Amino acid sequence: MDLELILLIGTLVTGIVWLLDGLFLRKRRAGVPQDQAPEDGTESHAKPAAKEHREPWFIETCKSFFPILLIVLILRSFVAEPFRIPSGSMMPTLLHGDFILVNKFTYGIRLPVVHAKILDIGIPQRGDVAVFRFPRNPADDYIKRIIGLPGDRIEYRGKTVFINDRPMLQEKNGVYHGTGANGVMNGIPIYREELGEVSHDVLIKYPRYHAPLVDYVPENHYFVMGDNRDHSSDSRNWGFVPEENLVGRAFLIWMNWDFSGKKFDLKRIGKKII
């Protein structure tokens, strides 16, 4: 279900009904006033304007919903959009059940539905946690961390990321512990990775093997990876993310609901995404 398309159609339909009612339908319901005196000067016997009838239910409903739909469409398309994290590919940064907010104007303002960029504001930075439309099926939204920028030489070897032949240093930062659906990764080592100016945690399960990868990031494309390095489908598997597929940058966790344990994790509310 394309919620953005539904919002756009709903806004257009209710807006058109509201406009037609203001220009034409309301006058027809009220009748045409006859308050002009006859040209011969005799007394007018014209009847007063008919009392305005009650609005039909569908017009009243459209006029009530139009401003709400318009505000939601503007906020969701140009300001911030909520998403839910359904998998563990970004653990430990994002967990199963996290509800996040994504900044929609960080990478430029785009029209809803058609996604055509109308205003350049900023460009993706290395280390951003970004939401994007999956290149193989744009109907699906994915979230990963941007590792490689256009023109970068990316190498993934021995569980270490090399960018332009420079290794991204990793330092052990404890062991992961979770509950519910997030407990599946218990005991996996956490490493603090220095990704340029961004320092963030990753999970690395050393017994799992990845074939060495070397590639160059094309122009207007990005190389992305999950922070759960051995349990993530990302650019190592299906290639680069085109710039036009970017939706926005994730910046805040506003709720967490553990679906398996059926409970809220209040500690994650308001947590910034780095």
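The structure this text deals with has already been given above.
Structure report, in brief. (Residues numbered from 1 in each chain as written. Predicted model: local features only at pLDDT ≥ 70, side-chain atom pairs only at ≥ 80, totals over all residues. Heavy atoms only, no water.)

## Some words on the sheet that holds strand β11 (residues 189–195)
Pairing is antiparallel in the open sheet, where three strands are placed in the order β10-β11-β12. Among the strands making up the open sheet, the edge pair consists of β10 (170–175) and β12 (198–203). Strand-to-strand twist across the sheet, computed as the mean angle between neighbouring axes with direction ignored, equals 30°. Across four bridges, β10 lies against β11 in antiparallel orientation. Residue Lys172 lies in a different strand from β11, and its bridge partner there is Tyr191. (Pairing = 2+ DSSP bridges. Helix = DSSP H or I, 4+ residues; strand = E, 2+ residues; numbered from the N terminus. Axes fitted to C-alpha atoms, helices over the stretch in contact; angles between N-to-C directions.)

## Notes on the sheet that holds strand β8 (residues 160–163)
Across the sheet, four strands lie side by side as β9-β8-β7-β13; this open sheet has antiparallel pairing. Among the strands making up the open sheet, the edge pair consists of β9 (166–167) and β13 (213–216). Pairing geometry for strand β7 (residues 153–157) and β8, over four bridges, is antiparallel. Within β8, the residue paired with Ile154 across the bridge is Ile163.

## Things to note about helix α2 (residues 57–79)
The terminal C-alpha atoms of α2, which comprises 23 residues, lie 32 Å apart, in line with the 33 Å expected from a rise of 1.5 Å per residue. At Phe65, α2 shows its strongest bend, of approximately 30°, with the proline Pro67 following within four residues. Turning to α2, its buried residues are Ile59, Cys62, Phe66, Leu69, Leu73, Arg76 and Ser77. Where α2 is buried, its residues meet α1 (3–30), β1 (80–84) and β3 (109–110). (Expected span 1.5 Å × (residues − 1). Bend = angle between axes of the 7 residues up to and from the residue. Buried < 20%, exposed > 50% of the residue type's maximum accessible area, 1.4 Å probe, protein only. Contact = heavy atoms within 4.5 Å.)

## Some remarks on the nonpolar core
Counting residues in each nonpolar core, the largest one holds 13 residues, and the members touching the most others are Leu94, Ile100, Val129, Ile143, Ala250 and Ile273. Broken down by secondary-structure element, the contributors of at least two residues to this core are β2 (98–103), β5 (129–133) and β16 (246–258). The biggest single contributor to this core is β16, with three residues. The contact partners of Ala250, leaving out residues within four places of it in the chain, are Ile100, Leu101, Val102, Val129, Ile143 and Ile273. Judged by nonpolar contacts, the second largest core, of twelve residues, contains Ile163, Met168, Leu213 and Phe240. (Core = buried A, V, L, I, M, F, W, Y, C linked by side-chain atoms within 4.5 Å.)

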